[in-house]
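Spelled out from the first residue to the last, the chains are:
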Amino acid sequence: MATLLDPTARGRVILVGAGPGDPGLLTVRAVEALRQADVLVHDGLVDPRVLDLAPQAHRISVAKSRSKHTLPQDAINALIVAHVKTGAIVVRLKGGDPFIFGRGGEEVEAVRAAGLPVEVIPGISAALGAAAEVNLPLTHRDWSSAVSFVAGQCKGLSEQDWSGLAGKGRTLVIYMGVATCPDISEKLMNDGVSPDMPVAVLERGTLEGSRALRTLLADLGPMVAREKVQSPAIIIVGEVVMLADAEDKLARWAKAAENLEGLGA
């Protein structure tokens, strides 16, 4: 049976993970799909160099930012379905991996509900790509035997149960947490995570101008403010952070320790 990448198959959706940013981290299968697209429905964070791999496609941006969406999710779903029904090959291009905080599952459900075919091509997640760039292993035989992924921007942050996800021997990866990082650090410390637990903030991972900043959990909010960190950024909490490459390592650790002492920890 031919896959949806068969160029003779019309009227279909290919949900593609664009990876963390660097076009060199696209999968071969993702590049093949881009070359076949008639319509390219893409997120705002997708690098323009990735979009340029589909010069023949009609581009539609459905960019989202905090509290501001070009289109609500239901409208994006309807847009995709409408174009597929014309017989077009629609590539839905999403940053990172579609199934990790990318609402890819919702879009697959919408296409299936319309009785249309859909295929998913995974991408390297933002967390994996950004961590690899700075040699930060999310698991390590000596430091961490478990890793969890959470979203720091979801509704009801205070009501989410993160207990047991961060601490000694574990790694917690937080997506979309820049704006809420003071609440995040307080939440984790209230759950019993040590204030001096190492934390990394990986800004613009794999893209030009990327930064890897390290501090301690109690200093997370102040450090993000001092360094004027902007989204997109990934926050990693755990002892594995000590293994990462980071700018001005010793100076930042000393500053973080000073701030921690000032907080009375």
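Residues numbered from 1 in each chain as written. Predicted model: local features only at pLDDT ≥ 70, side-chain atom pairs only at ≥ 80, totals over all residues. Heavy atoms only, no water.

A. The arrangement of helix 1 (residues 28-36) in detail. All of the buried residues along helix 1 are A30, V31, A33 and L34. The arc that holds every buried residue of helix 1, seen down its axis, measures 160°, which confines them to one face. Within helix 1, the exposed residues directed more than 90 degrees away from the buried face are V28 and R35. Elements that come into contact with the buried residues of helix 1 comprise strand 1 (12-17), strand 2 (39-42), helix 2 (48-51), strand 6 (89-94) and strand 7 (118-121). (Buried < 20%, exposed > 50% of the residue type's maximum accessible area, 1.4 Å probe, protein only. Helix = DSSP H or I, 4+ residues; strand = E, 2+ residues; numbered from the N terminus. Arc of directions from axis to C-beta. Contact = heavy atoms within 4.5 Å.)

B. Spotlight on the pairing of strand 6. Counting buried positions over the 6 residues of strand 6 gives 6, a clear majority of the element. Neither face of strand 6 is open: one carries I89, V91 and L93, the other V90, R92 and K94, and all of them are buried. Here 6 bridges tie strand 1 to strand 6, and the two strands are oriented parallel to one another. Following the sheet pairing, I14 is matched in strand 6 by V91. Across 4 bridges, strand 2 lies against strand 6 in parallel orientation. Considered in strand 6, the bridge of V41 is made with R92. (Pairing = 2+ DSSP bridges.)

C. Just the sheet that holds strand 2, in detail. Across the sheet, 5 strands lie side by side as 3-2-6-1-7; this open sheet has parallel pairing. Every interior strand has two partners, whereas the edge strands, strand 3 (58-61) and strand 7, have only one. Going across the sheet, the axis of each strand differs from the next one's by a mean of 20°, ignoring polarity. Where strand 1 and strand 7 come together, 4 bridges link them in parallel fashion. The partner of V16 across the bridge, within strand 7, is I121. Sheet strands in contact with helix 1 are strand 1, strand 2, strand 6 and strand 7, and its direction is about 135° off that of strand 1. Helix 3 (residues 73-84) contacts strand 1, strand 2, strand 3 and strand 6 of the sheet and is inclined by roughly 150° relative to strand 6. (Axes fitted to C-alpha atoms, helices over the stretch in contact; angles between N-to-C directions.)

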